[in-house]
Amino acid sequence: MRKQLLSGLSTVLTGVALLASSGAAAQQFPVEREIPVSAGEMLEMDLDAGGSIEIVGGAGSVVHVRVTEDDRGCRPACEVSIEKVGSGVWVISDHVSDSNIRSGDLHFEIQVPQRFNLRLNTMGGDISIENVTGDISGETMGGELELHRLGGTIDLTTMGGEIEITDSNVDGRVHTMGGEVLVENVTGNLDAGSMGGEVTRRGGAVATSEIQIETMGGDIELSDAPLGADVHTMGGDIEIASAGDHVKARTMGGDIDLEAVNGWIEATTMGGDVEVRMVGDPSTGRRDVEITSMSGDIELTVPAGLSMNVVVELTFTEGHEGDYEITSDLALQQSITPEWDHSNGSPRKVITATGSANGGEHEVRLKTVNGDVTLHVTG
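Every value quoted in this text rests on a predicted model; they were computed, and no experiment measured them.

A separate point is the overall build of the protein. Within the protein one finds 1 helix and 31 strands. Counting every position in the protein, which comprises 379 residues, the buried fraction comes to 48%. For the protein, the share of sequence-separated contacts (at least 6 apart) that also reach a separation of at least 24 residues comes to 43%. Surface exposure of the protein reaches about 16600 Å², of which carbon and sulfur atoms provide 45%.

A cluster of like negative charges, contributed by Asp 237, Glu 239, Asp 255, Glu 259, Asp 273, Glu 275, Asp 297 and Glu 299, occupies part of the molecular surface. Position of Asp 273 relative to the elements: it lies in the loop between strand 22 (256–269) and strand 23 (274–278).

Moving on to the environment of Thr 158. Mapped onto the fold, Thr 158 is located in strand 12 (residues 151–158). Sequence separation between Thr 158 and Gly 124 is 34 residues, and the spatial gap between their C-alpha atoms is 9.3 Å. Residue contacts for Thr 158: discarding those within four places in its chain leaves Thr 140, Gly 142, Gly 143, Leu 145, Ile 163, His 175, Thr 176 and Met 177. Polar contacts involving the side chain of Thr 158 include one to the main-chain carbonyl oxygen of Gly 143, which spans 2.5 Å. A polar contact is formed between the side chain of Thr 158 and the backbone nitrogen of Gly 160, at a distance of 3.2 Å.

Here the focus is the nonpolar core. One finds Leu 43 and Ile 129 to be the most contacted residues of the largest nonpolar core, which totals 85 residues. Among all residues touching Leu 43, those that are not within four sequence positions of it are Ile 55, Val 89, Val 91, Ile 110, Val 112, Phe 116, Asn 117, Leu 118 and Arg 119.

Moving on, we get to the side chain of Thr 374. By secondary structure assignment, the location of Thr 374 is in strand 31 (residues 373–378). For Thr 374, the residues in contact, after removing those within four places along its chain, are Ile 298, Glu 299, Leu 300 and Thr 327.

Turning to the packing of aromatic side chains, a few remarks are in order. Following the criterion strictly, the structure yields 1 aromatic pair and no others. With centroids separated by 5.8 Å and ring planes inclined at 90°, the aromatic side chains of Phe 316 and Trp 340 adopt a geometry described as edge-to-face. One end of the pair, Phe 316, is in strand 26 (residues 308–317); the other, Trp 340, is in the loop between strand 28 (333–336) and strand 29 (348–357), with 24 residues separating them in the sequence. You can call Phe 316 buried: its relative accessible area is 3%.

With that out of the way, let us pick up the pairing of strand 21 (residues 243–251). Summarising the sheet, strand 19 (residues 229–233) and strand 21 pair through 5 bridges and their orientation is parallel. In the sheet register, Val 231 faces strand 21, and the bridge partner there is Ala 249. Pairing of strand 21 with strand 22, which is carried by 9 bridges, proceeds in the parallel orientation. Each residue of the ladder has a partner; that of Lys 248, found in strand 22, is Glu 266.

Both strand 3 (residues 52–58) and strand 7 (residues 106–113) contribute to a ladder of 7 bridges, which runs parallel. What sits directly across from Ile 53, in strand 7, is Phe 108. Relative to strand 9 (residues 127–130), strand 3 is paired through 4 bridges, and the arrangement is parallel. For Ile 53, the partnering residue across the bridge sits in strand 9 and is Ile 127.

Time to look at a nonpolar patch on the surface. Residues Met 123, Met 141, Met 159, Met 177, Met 195, Met 216, Met 234, Met 252, Met 270 and Met 294 make up a contiguous nonpolar surface patch of roughly 850 Å² in combined accessible area. For Met 123, the position within the fold is in the loop between strand 8 (117–122) and strand 9. Overall, Met 123 belongs to the partly exposed group, its relative accessible area being 44%.

This part takes up the environment of Phe 29. Here Phe 29 shows up in the loop between helix 1 (2–8) and strand 1 (31–36). Taking the relative accessible area as the measure of exposure, Phe 29 reaches 17% and is therefore buried. Separated by 77 residues in sequence, Phe 29 and Leu 106 place their C-alpha atoms 9.5 Å apart. Setting aside residues up to four positions removed in sequence, Phe 29 forms contacts with Val 67, Glu 69, Cys 78, Val 80 and Leu 106.

Reading guide: rules and limits
Sequence order as written defines residue numbering, which begins from 1 separately in each chain. Whole-chain, interface and lining totals are the exception, using all residues; otherwise, since this is a predicted model, local features are given only for residues with pLDDT of at least 70 and side-chain atom pairs are given and counted only at 80 or more. Hydrogens are left out, water is left out, and the side-chain values use all remaining heavy atoms of the structure. Only DSSP runs of H or I with at least four residues qualify as helices, and only runs of E with at least two residues qualify as strands; both kinds are numbered from the N terminus onward. Throughout this description, buried means an accessible area under 20% of the type-specific maximum (1.4 Å probe, protein chains only), exposed means over 50%, and partly exposed covers the range between. Contacts are residue-level and defined by heavy atoms, with any inter-residue pair within 4.5 Å sufficient. For accessible areas, the Shrake-Rupley method is used with a probe of radius 1.4 Å. Any residue's cover is judged against the shown protein chains and nothing else. Residues with no salt bridge and a relative accessible area higher than 30% make up the patches, which join like charges within 9 Å and nonpolar side chains (Val, Leu, Ile, Met, Phe, Trp, Tyr) within 5 Å. Any carboxyl oxygen of Asp or Glu within 4 Å of a side-chain nitrogen of Lys or Arg constitutes a salt bridge here. His is not counted, nor are the chain ends, whereas Lys and Arg count as positive and Asp and Glu as negative. The location of each charge is read from NZ of Lys, CZ of Arg, CG of Asp or CD of Glu. Polar contacts, as used here, are pairs of N or O atoms within 3.5 Å; protein pairs need one atom able to donate a hydrogen and one able to accept it. Residues neighboring in sequence count only if both atoms are side-chain atoms. Among the buried residues, those of types Ala, Val, Leu, Ile, Met, Phe, Trp, Tyr and Cys that are joined through side-chain atoms within 4.5 Å form a nonpolar core. To pair, rings of Phe, Tyr and Trp, with the six-membered ring standing in for Trp, must have centres within 6.5 Å; the planes then decide the type, stacked if under 30 degrees apart, edge-to-face if over 60, and tilted in the middle. Between any two strands, pairing holds if DSSP finds at least two bridges.

Everything listed here is a matter of coordinates, which is why it stays silent on function.
Laid out in structure tokens, this is it:
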């Protein structure tokens, strides 16, 4: 692709000097150029030499590019091309020599019209974008993503850095392979995920679908999911302050706290406590509940008038008989297996509690191992 791009450029930036075998001088920095454009065109950056990118949208009709290098310079020497093409502007960086290639210490400061499309790819460096509306996509092989006051659609990835996106109205996706993610005051259908960090989402709202969050190694904190949430972490706690329609929450190693859910609930943890509160009119919509903990307490609060069929299974291992109990505001019939079950590792017994209320329309199933179970019915 690089050869195609370079061959398609009719001219190169005035003043670009390439380090050739003849001993010509390397390109001198800073490099600066201003190119007239129209709103809605494209800025495409392909930085094989790496470099950090800072883009700000404004009221003008130009793309202004300034390229600098830090005190260490770009080793081996870098070349930069900035060109006007039919679709907008190309910005390309590369190393002059293939020897000892590493990410360049370049910094790209760019001003674009507020309504503009972006395609950004850098081999290493932070990406910062502010006050731009358009189709925005790209990837950095190692750096942070700082995203503020954006609109349109986005698809941005970093292979190793934190992500912060605030005060935006966007659809799409942001993802990091190794850092925390903060989404604050963002509306639209945005999928935010991390392979190894905490994901926090505060403020904003989802316009047309559920919120989806996934991380392989961190907590998930969500303030509001009016059309539901599907969240999953391999190694952290989950906290959701408010959700409508439904919540699906799964963690392999943490607690789950769902403070106010107006809808159905599925919550599973392999090693933590679960606390859930159902709110809203119990006569409307789906209201099934399934909560499972492999080692922890379960506390569920439901509104009075909920039509439910309740099944609780509390498993305790040998040496813990009498340590855990089922407590319920609803009258439940309890029984215990008479013999120890030796088929699943440690010998165990199961306390089962069942009951129904208001016709038994919705299934409420609670299951834990070595933990207390509490069912509250609010008046």
